[in-house]
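The residues making up each chain are set out below.
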Amino acid sequence: MHEIETNFKFLLVEVERQIEATLSVVEKHDERAIAKIEARDDYIDNLKSVIENACFATLHGEKRPSAAEVAYIRSFNIIGNNLERVGDHAVNIVRQTRHYDDPECIKQYAYKPFFDEVKHAFDWMPRAVLERNMSAALKICRCELHLDRLYKEQFDRIRDELCTGYQTGDLLTTLFIFRYLERMGDALLNIGEAAIFGITGDKFKIHQFTALKDILAESGHELPLSELEFESIWGTRSGCRIGRIADPAPGEDLSRRDVIFKDGDTAKLRKEAANIEHWESLLPGLPPRVEAFREGKKSSSMLVELLPGQTIQDLAVAGDLDLLRRALTAQCLTAATLWQKTLVRGPIAAGCMPQLRARLGEVLTVHPNFDAPSRSIGALPLPRLETAITAAEAVEEKLSAPFTIYIHGDYNSNNILYDLAADRIHYIDLHRSADADLAQDVSVFMISNFRLPIFDAERRRVLNTVIVEFFNFARSFAAKQGDTTFEIRVALGLARSLITSTRFELSERFSRQMLSRGIYLLSRVAGHGGDPAGFRLPVAAVCY
C-alpha cells in the first residue's frame, strides 16, 4: 500500500502543477509553456500506470487483502485514471489557446472560478483519499455541480454572442476551453465517488449516497454511515440500486435491525410501495414492511424490512429435499389462499405475445442469429422465430382467461422466501404486481427454475420436480375455477419467458435450447387447431 499511496501523492502534485500551468497559459499565451505541459503529460501517464500496476500486484499478491482493503486499493486505481483524465483536459485546454486570433478574448469571461473550483477539489483530495474523510470526499463530488453551473452561465452568454457574427472563431475556442473545464468536473466526481468507495467499501453514485444518508437519518439510524455495513445485492435487472444495510451492533431497538435499501426510478418505487401495502392488507406479514420512503422527482429511495428465510431458488439449488418439500407446500398453500382471495370473475386477455414482442429487440441484439431461416429439435423441424410468433398471435387473439387474480408480477423462485422457523412464505420485489391472468405468474415461476444454468443431473431432477409439481398444483386450482384454456395460455407464457430470458444468457448452447423450446411451444399452440380447452401442455418441454 505504501507504494500506491506514495505514487498517488506524486500524481496529485503533478496534475495540480498542470492545472496551475494551464491557468498561466490561458492568461498569457506562451508556446514554451504549452510544450512543457505537453511533455509533462507523459510523466502523468506513467505515474497513472505505476499506480495501476501496483494496485493489481497488491490485489493478486501472496497476502490476500480483506474486503475493505480491496475496496481501498480499487479506489486508487479509479482515482489514478481520473487524475490522468484531468491532466489530459489541461493539455487540451492549452492546445486550444493556439487557435485564438485574439488571446485576450477569454479574459472577457469568468474563467478563474473554474480553476478555483478545481483547485479546491485538489486541496481536499489528500484528506478524502488518504485519511478517508467522508466530508472531504463529498466536497469533491459537489465540485462537479458547481462546475456545471459555471459552464451553463458561460455557455448561455457565448451562445448569445455567437449570434452577432463577431469573433466567432475566438468565441468557439473560448467555449471549447470552458467545455474541457466542465469535463474536469466529471472526472472530479468520479474521484469523489471512488473516495467514498474506499471509505464505505461499496460503490455509490453521489445521489445514491446522499439518498441513503438522508433516509437512514429519517428512519432512526443514528450511526454514521461509515459505521454501518452496506452489502450490495447484485443481479437485479430492474435498474434499481439495492443493498443490505447491517447494523454492526443491533439491539432490541427495532430501528436498528437490518434493512434493504433501494434507490431508483420514482414511479417504480412508488408503485412497489403501494403494492407492498396492498399485499399486506391481503395477507399480513407476506411482504416486507416499508421502514422509510423518500421521494424525489426522478429518483426515490426506500428502506424495507429484511425478511428472514431462504429463497425457493436457493433451497432447490442446495438440494435439501425435505426442506424444499416443506417450502413448496407452504408456497402452494399461500398461493392458493391469495389466488382465491383476489379472484375476480370476468375475461382478460392472455397478453403474452405483446410482452414477447416488446422484448424481442433486446433478444435479437444479444443473439442476432436467432431469426435464422430454419431450426430443429433433433429431427423435428421448427419454423422461423418470426413465423412462430405470428402464428401464435393469431391463436392468442381469440383466447382470454375467465378471471383475474392479483399476481406477483415477477414470480421468480428468487423472489419467494421460505421462513422455516415460522413455516411461512414471504414475497419480495413487488413493483410489477397487478390484477392479471393466473397463467402469467405460473409460467414465470416455471421458467425461473428451468433457466438456472445448472446442469448436474441430480440437481436438475430436483428443479424439474419443482416445475412439474407447481404446474400440477396450479392446473388443479384453475380447473376448480372452470378455467378450460389454462394450459394453452401457460404454454404461451412459457414460450414468452423462454425466448425473452435468452437476453440474459450468453451461453450459446443453453440460449439456443431455450429458444428452440420456446419456438416449439409456440408451434404446438399454433398447430393445435381444435378447441383450446383440449390443448395439453407438453411439460417435458420445460424439464431439462
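Residues numbered from 1 in each chain as written. Predicted model: local features only at pLDDT ≥ 70, side-chain atom pairs only at ≥ 80, totals over all residues. Heavy atoms only, no water.

Details of the overall build of the chain
Thought 1: Each helix and strand in the chain was counted, giving 16 helices and 13 strands.
Thought 2: Looking at the chain residue by residue over its 544 residues, the buried ones come to 50%.
Thought 3: Partitioning the contacts of the chain with sequence separation of at least 6, the portion at a separation of at least 24 is 74%.
Thought 4: Working note: accessible area of the chain is about 24800 Å², and carbon and sulfur atoms make up 52% of it. (Helix = DSSP H or I, 4+ residues; strand = E, 2+ residues; numbered from the N terminus. Buried < 20%, exposed > 50% of the residue type's maximum accessible area, 1.4 Å probe, protein only. Contact = heavy atoms within 4.5 Å. Areas by Shrake-Rupley, 256 points an atom, 1.4 Å probe, with all protein chains shown as cover.)

Some words on the pattern of salt bridges
Thought 1: Enumeration over the complete set of coordinates arrives at 30 salt bridges.
Thought 2: For Arg-149, the salt bridge identified is with Glu-153, shortest N-O distance 3.4 Å. Within this pair, Arg-149 and its partner Glu-153 are both found in helix 5 (residues 134–162), separated by four residues, close to a single helical turn.
Thought 3: Of the charged contacts, one joins Arg-461 and Glu-458 as a salt bridge, the two residues approaching to 2.5 Å between their closest N and O atoms. With Arg-461 and Glu-458 both in helix 14 (residues 457–480) and three residues apart, this pair spans about one turn of that helix.
Thought 4: Relative accessible area serves as the criterion here: at 44%, Glu-458 is assigned to the partly exposed category. (Salt bridge = Lys/Arg side-chain N within 4 Å of Asp/Glu carboxyl O.)

Some details on the side chain of His-426
Thought 1: Within the secondary structure, His-426 is located in strand 12 (residues 424–427).
Thought 2: Assessed through its relative accessible area of 5%, His-426 is described here as buried.
Thought 3: There is a polar contact of 2.7 Å between the side chain of His-426 and the backbone oxygen of Gly-285.
Thought 4: Within the structure, the side chain of His-426 is placed 3.4 Å from the backbone oxygen of Leu-286, a separation counted as a polar contact. (Polar contact = N/O pair within 3.5 Å; in protein donor to acceptor, adjacent residues only side chain to side chain.)

Points about the environment of Glu-291
Thought 1: With respect to the element layout, Glu-291 can be found in strand 4 (residues 290–294).
Thought 2: Taking relative accessible area as the criterion, Glu-291 reaches 26% and is therefore assigned partly exposed.
Thought 3: In this structure, the C-alpha to C-alpha distance between Glu-291 and Met-302, residues 11 residues apart in sequence, is 7.4 Å.

Here's the deal with the sheet that holds strand 12
Thought 1: The strand order across the open sheet built from three strands is 6-11-12, with neighbouring strands paired in antiparallel fashion. Two strands close off the open sheet at either side, each with one partner strand: strand 6 (310–311) and strand 12.
Thought 2: In the sheet, strand 11 (residues 416–419) pairs with strand 12 via four bridges, with the strands oriented antiparallel. Residue pairing for strand 12: Tyr-418 is matched across the bridge by Ile-425.
Thought 3: The strands touched by helix 10 (residues 321–342) are strand 6, strand 11 and strand 12; relative to strand 12, the strand with the most contacts, the crossing angle is about 65°. (Pairing = 2+ DSSP bridges. Axes fitted to C-alpha atoms, helices over the stretch in contact; angles between N-to-C directions.)

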